[in-house]
There are 2 protein chains.
Amino acid sequence: MARTREFATDEAVVAARSVFWEHGYEQASVPELERATGLGRSSIYQAFGSKRGLFDACVESYLAEVIRPRLRPLEQDPVDAGALAEYLDGLRGALGDAGSAPGRHGCLLMNAAGAPIGREDAIAERVAAYREELRAAMRRGLAAARGLGGSGRLGDGEPDARLLDRDAEACASLVTSAFALTRVDHAAALRCVDAARAMI
Amino acid sequence: MARTREFATDEAVVAARSVFWEHGYEQASVPELERATGLGRSSIYQAFGSKRGLFDACVESYLAEVIRPRLRPLEQDPVDAGALAEYLDGLRGALGDAGSAPGRHGCLLMNAAGAPIGREDAIAERVAAYREELRAAMRRGLAAARGLGGSGRLGDGEPDARLLDRDAEACASLVTSAFALTRVDHAAALRCVDAARAMI
DNA sequence: GTCTTTCTGCAATGACCGTTCCAGTATATT
DNA sequence: AATATACTGGAACGGTCATTGCAGAAAGAC
């Protein structure tokens, strides 16, 4: 029917993703996105419609390729007793590596949360959902590690369940803080991950 | 010697502060700062040197007038047993008020942490110091509430001290997360504050 | 081979950015 | 009153922004 695209869309998204990750949506310029993706302006606008469209694609890719794979072991049934510890160790490795994207820039989504783009409903919902996903995963991981609810069922009213809820919220918050602190205080960020590990 | 300034510098800083608070450093435009402060460009540049100079003044003002007053009761000696609960209740009130600056925009400094400006050494240090101040305050507040170290002294090696450290880190992280989530999920932010309260 | 459709390269668009320059104004000191 | 100094208003600076328009290139369908 027509001319075929000369580039792989997903490769372009990955390249653009790292630009948004580093600079945030607002400060990522189109010329910079051109450079990173190797594409011309027309190709970007033809494929994604707008800078915002490209960013949305990057957010989806970030969730699918960066966040979810790490979280998956905590969302399976049953959850392995060591899954949470493994997740946190992996996170620590990533944040501790000063060369990696997470180590240098924290979390693409949490950075977006504090930026003007975070006011956009579509983005706000994505970030909120991610944070909730993280909290739920922490809860499952904690429960498994502590040998509670091996078959998953723990009454919501029980004291153990309340404690689990609080600790899960705390764990998720420690991870969130680690992301938030990565840019400004690398060591403090790692301390947050360690504190989360110690909560298991 | 010379003509006198026609405006109050601190009033201008407060006005500019709310602009930076809402939009972040990068997205706050000079025309908008002019509008908010009621000043002309020349006056701004004469008084503060640059947009960045004005921002620095706003950060100082934010620390001195917004952060420190709330944290003070937790930094006195001795700390009141109810000081942490009062702090968290106050924070809950501020974050819960959808009309207030914290309720709408979270924390000026934590927002800056995830933005490009967070890469500037001077800003990164300020944010890191604030976060450490918060953690230390949480520790003192927790200790007081739990009746530990009435005279403040608790050996670093004791198990109680380790627990206190972890809980303080968790508390500070819950507050940090509350700030980070305010823009994207108001209810979740309040839940974080509640979780911190429950840790006392 | 022709047609149709999509993709690509380049240039231009109007708008806004932070900063600077300059002429004019007002005041505290002498 | 004269002077030196600091503040103010307004216009202009060069630069960058996201987006669009258009001409040409490429490839599947017929």
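Here the structure is shown first, and the text comes after it.
Our subject in this report is the structure included herewith. Owing to the predicted nature of the structure, the values given are computational and were not obtained by experimental measurement. Every chain begins its residue count from 1, and numbering advances along the sequence as written. Labels follow written order: the first chain is A, the first ligand is 1, and so on. Note on the predicted model: pLDDT of at least 70 is required for a residue's local features to be given, and 80 or more for side-chain atom pairs to be given and counted; whole-chain, interface and lining totals, by contrast, use all residues. Hydrogen atoms and water are omitted, and side-chain values are computed over all heavy atoms in the structure.

A look at the interface of chain A and chain B
Where the parts come together, the accessible area they lose is often given as the size of the interface. Keep this limit in mind: In what follows, residue pairs with any heavy atoms lying within 4.5 Å of each other are defined as contacts. Throughout, buried area stands for the accessible area (probe radius 1.4 Å) lost by two parts on being put together, summed over both. Salt bridges are identified by distance alone: a Lys or Arg side-chain nitrogen within 4 Å of an Asp or Glu carboxyl oxygen. Between N or O atoms, a polar contact is any pair within 3.5 Å; within protein, one atom must be a potential hydrogen donor and the other a potential acceptor, and residues adjacent in sequence are included only when both atoms are from side chains. What counts as a helix is a DSSP run of H or I of at least four residues, what counts as a strand is a run of E of at least two, and both are numbered from the N terminus.
Facing 36 residues of chain A, the contacting portion of chain B comprises 36 residues. Here chain A packs against chain B, burying approximately 2,900 Å² in sum over the two surfaces, 60% of which is carbon and sulfur. When the area that chain A buries against chain B is broken down by residue, the three leading residues are A:Arg119, A:Arg183 and A:Val184, summing to 20%. Our count for the chain A to chain B interface comes out at zero salt bridges. Counting every contact that joins chain A to chain B gives nine residue pairs in polar contact (both at pLDDT 80 or more). Going through the elements one at a time, α1 (9-27), α6 (101-105), α7 (108-113), α8 (121-145), α9 (159-181) and α10 (186-199) of chain A are the ones with two or more residues in the side of chain A that touches chain B.

Some remarks on the nonpolar core
The nonpolar side chains of a soluble globular protein tend to be buried with one another. Rules: Take the buried residues of types Ala, Val, Leu, Ile, Met, Phe, Trp, Tyr and Cys, join any two whose side-chain atoms come within 4.5 Å, and each joined set is a nonpolar core. A 1.4 Å probe rolled over the protein chains alone gives each residue an accessible area, and that area as a share of the maximum for its type sets the label: buried under 20%, exposed over 50%, partly exposed in between.
Residues A:Phe20, A:Tyr87, B:Phe20 and B:Tyr87 are the most contacted members of the largest nonpolar core, which totals 135 residues. Contacts of B:Phe20, omitting those with residues within four sequence positions, involve B:Tyr25, B:Ala28, B:Leu33, B:Lys51, B:Leu54, B:Phe55, B:Cys58 and B:Leu108.

Topic: the protein's contact with DNA strand D
To be explicit about the condition: Here a residue is considered near a molecule or strand provided that any single heavy atom belonging to it is located within 4 Å of it. Residues are sorted three ways: Asp, Glu, Lys and Arg are charged, Ala, Val, Leu, Ile, Met, Phe, Trp, Tyr, Cys and Pro are nonpolar, and all the rest, Gly among them, are polar.
Lining the immediate surroundings of DNA strand D are 22 residues, of which A:Tyr45, B:Ala2, B:Arg3, B:Ser42 and B:Gln46 lie closest. In DNA strand D, atoms within 4 Å of the protein come from the sugar-phosphate backbone in 60% of cases. Interatomic distance of 3.2 Å between a backbone N/O atom of A:Ala28 and a phosphate oxygen of DNA strand D. Between DNA strand D and the protein, one listed contact pairs a phosphate oxygen with a side-chain N or O atom of A:Lys51 at 2.8 Å. Of all the secondary-structure elements, those providing two or more residues to the surface near DNA strand D are α2 (30-37) and α3 (41-48) of chain A together with α3 (41-48) of chain B. Residues that form the surface near DNA strand D fall into these classes: nine nonpolar, seven polar and six charged.

Focus on helix α4 (residues 51-71) of chain A
Helical geometry: 3.6 residues make up each α-helical turn, so side chains three or four residues apart lie on a common side. Residues and elements named next belong to chain A. Worth spelling out the cut-off: How far a helix is expected to stretch is found by multiplying one less than its residue total by 1.5 Å. The bend reported for a residue corresponds to the angle between axes fitted to the seven residues ending at that residue and the seven starting there.
Its 21 residues give α4 an end-to-end C-alpha distance of 29 Å, which sits within 8% of 30 Å, the value for a rise of 1.5 Å per residue. Of all bends in α4, the biggest is about 30°, found at Leu-63. Close packing links the buried residues of α4 with α1, α2, α3, α5 (83-96), α7 and α8.

Considerations on the packing of helix α8 (residues 121-145) of chain B against helix α9 (residues 159-181) of chain B
Residues and elements named next belong to chain B. Applicable threshold: For every element, the axis is a line fit to its C-alpha atoms; helices are fit only across the contacting stretch, and the angle between N-to-C directions ranges from 0 to 180 degrees. Should an angle fall under 35 degrees it is called roughly parallel, over 145 degrees roughly antiparallel, and 65 to 115 degrees roughly perpendicular, with every other angle called oblique. Here is the rule for handedness: rotate from the far helix to the near one, and if that takes an anticlockwise turn smaller than a right angle the crossing is left-handed, while a clockwise turn gives right-handed.
Following both chains from N to C, one finds α8 and α9 inclined at 125°, their axes separated by 8 Å at the closest point. By the angle between their axes, α8 is oblique relative to α9. As for how α8 packs across α9, the hand of that crossing is right-handed. Within the contact between the two elements, α8 uses Tyr-130, Arg-131, Leu-134, Arg-135, Met-138, Arg-139, Leu-142 and Ala-143 and α9 uses Ala-161, Leu-164, Asp-165, Asp-167, Ala-168, Glu-169, Cys-171, Ala-172, Ser-173, Val-175, Thr-176 and Phe-179. Residue classes in the contact of α8 with α9 are distributed as 12 nonpolar, two polar and six charged.

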